[in-house]
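Understanding the architecture of this molecule
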Amino acid sequence: MSAETPAATGQFTVRRQQFRAWRGERPFWAGLLVLLSGLPIAYFPYANLQIGHLTLAMATTAGAGSLIIGVLLVVLGVSLWFQKHVRVFAGVAAILLALVSIPVSNLGGFLVGFLLALVGGAMAVAWAPGAPPAGQPAVMASTGTGEAPGAKGHDTTVLHPLDGVGEPNDLSGTNPANGANGRHSAG
C-alpha cells in the first residue's frame, strides 16, 4: 500500500480548484498584501533587537498608534477577502493608513509595511470582478444595449408603459405628462 492514494490526490485537486475559484472572485492578493503590511507596522515599535549583549529597543512613544494602525490594516486585509464589495473603501483606507504610519510607526515599519499597504491598497481599488466562465450564467444579465433595465426606447420625454397595464410606471409625479415639468410637488 502506498502513502499516496488516488482518493487523497483527487480530494486535494478538488480543494485546490475550489480555493482557486474562491480566490478568483475577490481581490485576494490585495487583501494578502494589506494583511501582511499590518504585521511589521505593529511589530517593530515593540521589538527588541539583540546585538550580542546589547539590547536595542525600538519602542516609540507612539507604540499604541502603531498597534492600532497595524490591527486596522490586518482587519482591512481580511475584509477584502470576505467582503469584496468594500474593496474601494478598504483600499483607500489602507493607503491612508500607510501614509499615516510613516511618522507614527518607525517609517511605516521601516518602509516594508508602508510599501505593502500602498501596493495592496492600490490593487484593491483597481480590482474589478471578472466575467463569469462560459458555462455559468451571469448574475446580473443585461441585454447589452446600454440602456436602463426595462427601457423600451431612447425617447425620455414620454414614458412608455412597462407593467403591461397601459399606464406609465412613474411614481415620482414629475413626468411631462402631468404638467410637473421636472419639478417635485414638495417644492
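Our structure's up above, just so we're on the same page.
Definitions and cut-offs
Residues numbered from 1 in each chain as written. Predicted model: local features only at pLDDT ≥ 70, side-chain atom pairs only at ≥ 80, totals over all residues. Heavy atoms only, no water. Helix = DSSP H or I, 4+ residues; strand = E, 2+ residues; numbered from the N terminus. Buried < 20%, exposed > 50% of the residue type's maximum accessible area, 1.4 Å probe, protein only. Areas by Shrake-Rupley, 256 points an atom, 1.4 Å probe, with all protein chains shown as cover. Expected span 1.5 Å × (residues − 1).

Some details on the overall build of the protein chain
When helices and strands are tallied, the protein chain shows six helices and two strands. Shown N-terminal to C-terminal, the secondary structure of the protein chain runs as helices and strands in the order α-α-β-β-α-α-α-α. Classification of the 187 residues of the protein chain by burial places 25% in the buried group. Surface summary for the protein chain: the accessible area is close to 12,900 Å², and the carbon and sulfur share equals 66%.

Some details on unusual backbone geometry
Positive phi outside glycine occurs at F110, with the angle close to 55°. According to the relative accessible area criterion, F110 is partly exposed, its value standing at 40%. You will see that L111, though not glycine, has its phi angle at about 65°, which is positive. By the element assignment, L111 lies in the loop between helix 5 (106-110) and helix 6 (112-126).

Digging into helix 2 (residues 28-43)
Its 16 residues give helix 2 an end-to-end C-alpha distance of 23 Å, which sits within 8% of 22 Å, the value for a rise of 1.5 Å per residue. Considered for burial, the residues of helix 2 that qualify are F28, A30, G31, V34, L35, S37, G38, P40, I41 and A42.

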